[in-house]
Amino acid sequence: MLKKLKKLFRPNTKPLTATRVSGRENGIDKRDISHNALKVIELLQDAGWQAYLVGGGVRDLLLGGHPKDFDVATDATPEQVQKVFRRARIIGRRFKIVHVRMGREVIEVTTFRGSHEEASGKQHAVQSDKGILLRDNVYGDLCSDAWRRDFSINALYYDPSDDSIVDYCNGLSALKQKSLSIIGEPDARYKEDPVRMLRAIRFMSKLGFSLDAASEQPIREHSDYLLEIPPARLFEEVLKLFMSGRAEAILEQLHHYHLLEHLFPAAADVFNRDESQAKRLLLCAAANTDERLAQGKRVTPAFIYAAFLWPRLQQQMQALRSQHRGGEQELLNKAATGVISEQLQRTAIPKRFLIPMREIWTLQLRLPRRDGRRAYTLLEHPRFRAAYDFLLLREQSGEELGQLGHWWTEFQVASEERRQALLESARNSQAPRKRKRPRRRKPAKNND
Ligand code: ATP
Ligand code: MG
């Protein structure tokens, strides 16, 4: 019976009419909406088009939060939208949208999407042979737009002109029940765009919602749909996941749903080994990121990537060591190249993060060597702070580094006198460096 009731609630049968309720009575305060978004809606409506606030903005307003961005949906085509605004740019190919610039803010305006079955004429929707939606520019009406969205809580529309919320997919009741429910037939919707599986994890963790059983099942069974997504798009999603302020919970969930292995295969291996120090390192990296964000501090994806790939880097260095002739730095470089190229098969890592990530790694080899002027030179290194934080992270996860993190914490703030004492103590505690074997001299040529 309960199952039957739940089925009735699931947004998988298309009703022709929507529920319309008052925004104010449901907690929407217009003062929380960006002025610019309201202006965009007003101008579109004045030009004779329909226009609504939609998506995360409406969802977060109803949840009492302060949305970070506001998206607008309209029945005007991108070209028609462009005619209404002086500063509007059509972007995207897979999914055409218009960026309308208002002052310093950019408002995203999307045209109502339609159902593909009803599409006629030119092929504006293109699917891969695996059923993945490569392009989705079939336009439709408000109702079809609601049904093309991902989760019912993301398919609510708000019209500021009459303060009405339009709900086609039972989004309001899902919000009240803190339930995340994919619209339509779950397996087909995930197959069409596997990134929706990652979005499910993100919204669950970010909003504290639970995923309904029907929306959950295909994720467990078909996490490998993610293999079809290009690395560049997955990188964007990884950023959203780990910069959401809920990275630690998300990491656990990604592992639980077998999604981690398709994003970070190396980290997923580590995660399967319970209680390992390497696993603690990943969890600590995620928790630190959450903490920093909560304190309004800056976080860089380079740091997260450095942590997520560190255990594999160590493993690779170990494996290569026996056949390696050069120094540790060279060994690290060689192992890093392998680890990075493995990761690039799954997610892109733009150069602006790749370079600092490698620097964080190489500095781990330099931080223990503090003799002479070295400690002072390291302090000046542009990546010192990130490398030092990384060192603390390693210690925090249980790696035994002889109080090296503590030493650097003190050295940074110490007086010159204290610094000399610290350097002295470091000299005494550092293992004597292996003396190089004297090179055998070539026998002198006999010039006689
Ligand atoms: P947030 O911006 O807080 O991360 P959001 O829900 O606004 O959350 P966006 O990525 O900004 O997420 O997308 C805006 C809206 O577009 C969503 O609310 C949803 O309605 C729709 N949407 C986004 N991605 C997809 C997708 N992959 N499939 C279907 N609809 C989507
Ligand atoms: Mg958004």
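Since this is a predicted model, take the numbers as computed values, not measurements.

## Notes on the overall build of the chain
Here's step 1: Helix and strand counts for the chain stand at 21 helices and 12 strands.
Here's step 2: Put simply, the chain has 448 residues, and 48% of those count as buried.
Here's step 3: Entry remark: accessible area of the chain is about 24200 Å², with carbon and sulfur atoms responsible for 49%.

## A few points about the site of ligand 1
Here's step 1: Within the structure, ligand 1 sits among 16 residues, and Arg59, Lys68, Asp193, Arg196 and Arg202 are positioned closest to it.
Here's step 2: Here Arg59 contributes a side-chain N or O atom positioned 2.9 Å from an oxygen atom of ligand 1.
Here's step 3: One of the side-chain nitrogen or oxygen atoms of Arg199 is found 3.0 Å away from an oxygen atom of ligand 1.
Here's step 4: Counting only elements with at least two residues in the shell around ligand 1, the list comes to helix H3 (56–62) and helix H8 (195–207).
Here's step 5: Across the shell around ligand 1, the residue classes tally to 1 nonpolar, 3 polar and 12 charged.

## Describing the packing of aromatic side chains
Here's step 1: In the structure shown here, the tally under the stated rule is 16 aromatic pairs.
Here's step 2: Measuring from ring centre to ring centre gives 6.3 Å for Phe242 and Phe264, while their planes differ by 75°; the resulting arrangement is edge-to-face. With Phe242 in helix H10 (residues 231–242) and Phe264 in the loop between helix H12 (260–263) and helix H13 (265–272), this pair connects stretches of sequence that are 22 residues apart.
Here's step 3: Of the residues examined, Phe242 reaches a relative accessible area of 2% and is grouped as buried.
Here's step 4: For Phe264, a relative accessible area of 0% translates into the label buried.
Here's step 5: Centre to centre, the rings of Phe384 and Tyr388 are 5.9 Å apart; their planes meet at 10°, and the pair counts as stacked. Of this pair, Phe384 and Tyr388 both sit in helix H19 (residues 384–396), 4 residues apart, which is roughly one turn of that helix.
Here's step 6: On the accessibility criterion, Phe384 (5% relative accessible area) is buried.

## Digging into the pairing of strand S5 (residues 97–102)
Here's step 1: Here 4 bridges tie strand S4 (residues 88–91) to S5, and the two strands are oriented antiparallel to one another. Its bridge partner lying in S5, Ala88 is registered against Val100.
Here's step 2: Between the end of S4 and the start of S5, which pair antiparallel, lie 5 residues, with Gly92 showing a positive phi angle near 85°.
Here's step 3: The hairpin formed by S5 and strand S6 (residues 105–111) contains 2 residues between the paired strands, and Gly103 there has a positive phi angle of roughly 60°.

## Some details on the pattern of salt bridges
Between side chains of opposite charge, a pair can form when the charged atoms approach closely.
Here's step 1: Summed over all chains, the structure comprises 21 salt bridges.
Here's step 2: Glu192 serves as the salt-bridge partner of Arg148, at 3.4 Å between the closest nitrogen and oxygen. Linking Arg148 in helix H5 (residues 142–148) with Glu192 in helix H7 (residues 186–192), this pair joins segments that are 44 residues apart in sequence.
Here's step 3: Glu192 gets classed as buried once you look at its relative accessible area, which sits at 10%.
Here's step 4: For Arg427, the salt bridge goes to Glu424, with nearest N and O atoms at 3.0 Å. A residue pair is termed a helical-turn pair when its members lie 3 or 4 positions apart in one helix, as Arg427 and Glu424 do in helix H21 (residues 416–429) at 3 residues.
Here's step 5: Overall, the relative accessible area of 43% leaves Arg427 in the partly exposed class.
Here's step 6: Among the charged side chains, a network of salt bridges with common partners joins Arg148, Arg189, Glu192 and Arg196.

## Looking at helix H11 (residues 247–256)
Here's step 1: For H11, the set of buried residues is Ala247, Ile250, Leu251 and Leu254. The arc enclosing the buried residues of H11, seen along the axis, measures out at 105°, which places them on a common side.
Here's step 2: In this fold, the buried residues of H11 make contact with H8, H10, H12, H13, helix H14 (277–294) and helix H15 (301–321).
Here's step 3: His258, located one to two residues past H11, shows a positive phi value of around 60°.

## As for the packing of helix H20 (residues 404–413) against H21
Here's step 1: Interhelical geometry of H20 versus H21 gives an angle of 155° and a closest axis separation of 9 Å. When the axis of H20 is compared with that of H21, the two are roughly antiparallel. As for the relative orientation of H20 and H21, their crossing is left-handed in sense. Of the residues in H21, those touching H20 at Trp407, Glu410, Phe411 and Gln412 are Arg418, Arg419, Leu422, Leu423, Ser425 and Ala426.
Here's step 2: Looking at the contact of H20 with H21, its residues break down into 5 nonpolar, 2 polar and 3 charged.

## Overview of unusual backbone geometry
Here's step 1: Although it is not a glycine, Asn170 sits at a positive phi angle of roughly 60°.
Here's step 2: Of note, Asn170 is situated in the loop between strand S10 (164–167) and helix H6 (171–176).
Here's step 3: Asn170 gets classed as partly exposed once you look at its relative accessible area, which sits at 33%.
Here's step 4: The backbone of Lys178 shows a phi angle near 55°, a positive value even though the residue is not glycine.
Here's step 5: Taking the relative accessible area as the measure of exposure, Lys178 reaches 45% and is therefore partly exposed.

## Some thoughts on a positive patch on the surface
Here's step 1: There is a patch of like positive charges on the surface, built from Arg86, Arg87, Arg89 and Arg101.
Here's step 2: Topologically, Arg89 is positioned in strand S4.

## Section: the sheet that holds S10
Here's step 1: What the 8 strands build is an open sheet, ordered S1-S10-S9-S2-S3-S6-S5-S4; its pairing is mixed. Both outer strands of the open sheet, strand S1 (19–22) and S4, are each paired with one neighbouring strand and no more. Taking the axes of each pair of neighbouring strands and ignoring which way they run, one obtains an average angle of 30° across the sheet.

## Looking at the environment of Thr377
Here's step 1: Looking at the secondary structure, you find Thr377 in helix H18 (residues 374–380).
Here's step 2: Looking at Thr377, its side chain comes within polar contact range of the main-chain oxygen of Arg373, at 2.9 Å.

## Looking at the state of the cysteines
Should the sulfur atoms of two cysteines be covalently bonded, the bond is a disulfide.
Here's step 1: In the structure shown here, the tally under the stated rule is 0 disulfides.
Here's step 2: Cys143 provides the cysteine sulfur closest to Cys169, a residue in no disulfide bond, and the two sulfurs are 7.7 Å apart.

Parameters at a glance
- Residues numbered from 1 in each chain as written.
- Chains lettered and ligands numbered in written order.
- Predicted model: local features only at pLDDT ≥ 70, side-chain atom pairs only at ≥ 80, totals over all residues.
- Heavy atoms only, no water.
- Helix = DSSP H or I, 4+ residues; strand = E, 2+ residues; numbered from the N terminus.
- Buried < 20%, exposed > 50% of the residue type's maximum accessible area, 1.4 Å probe, protein only.
- Areas by Shrake-Rupley, 256 points an atom, 1.4 Å probe, with all protein chains shown as cover.
- Near = heavy atom within 4 Å.
- Polar contact = N/O pair within 3.5 Å; in protein donor to acceptor, adjacent residues only side chain to side chain.
- Nonpolar A, V, L, I, M, F, W, Y, C, P; charged D, E, K, R; others polar.
- Phe/Tyr/Trp six-rings, centres within 6.5 Å; stacked < 30°, edge-to-face > 60°.
- Pairing = 2+ DSSP bridges.
- Salt bridge = Lys/Arg side-chain N within 4 Å of Asp/Glu carboxyl O.
- Arc of directions from axis to C-beta.
- Contact = heavy atoms within 4.5 Å.
- Axes fitted to C-alpha atoms, helices over the stretch in contact; angles between N-to-C directions.
- Parallel < 35°, antiparallel > 145°, perpendicular 65-115°, else oblique.
- Left-handed = near helix turned anticlockwise from the far one by under 90°.
- Patch = residues over 30% accessible without salt bridge, like charges linked within 9 Å, V, L, I, M, F, W, Y side chains within 5 Å.
- Lys, Arg positive; Asp, Glu negative; His and termini not counted.
- Charge placed at Lys NZ, Arg CZ, Asp CG, Glu CD.
- Disulfide = S-S within 2.5 Å.

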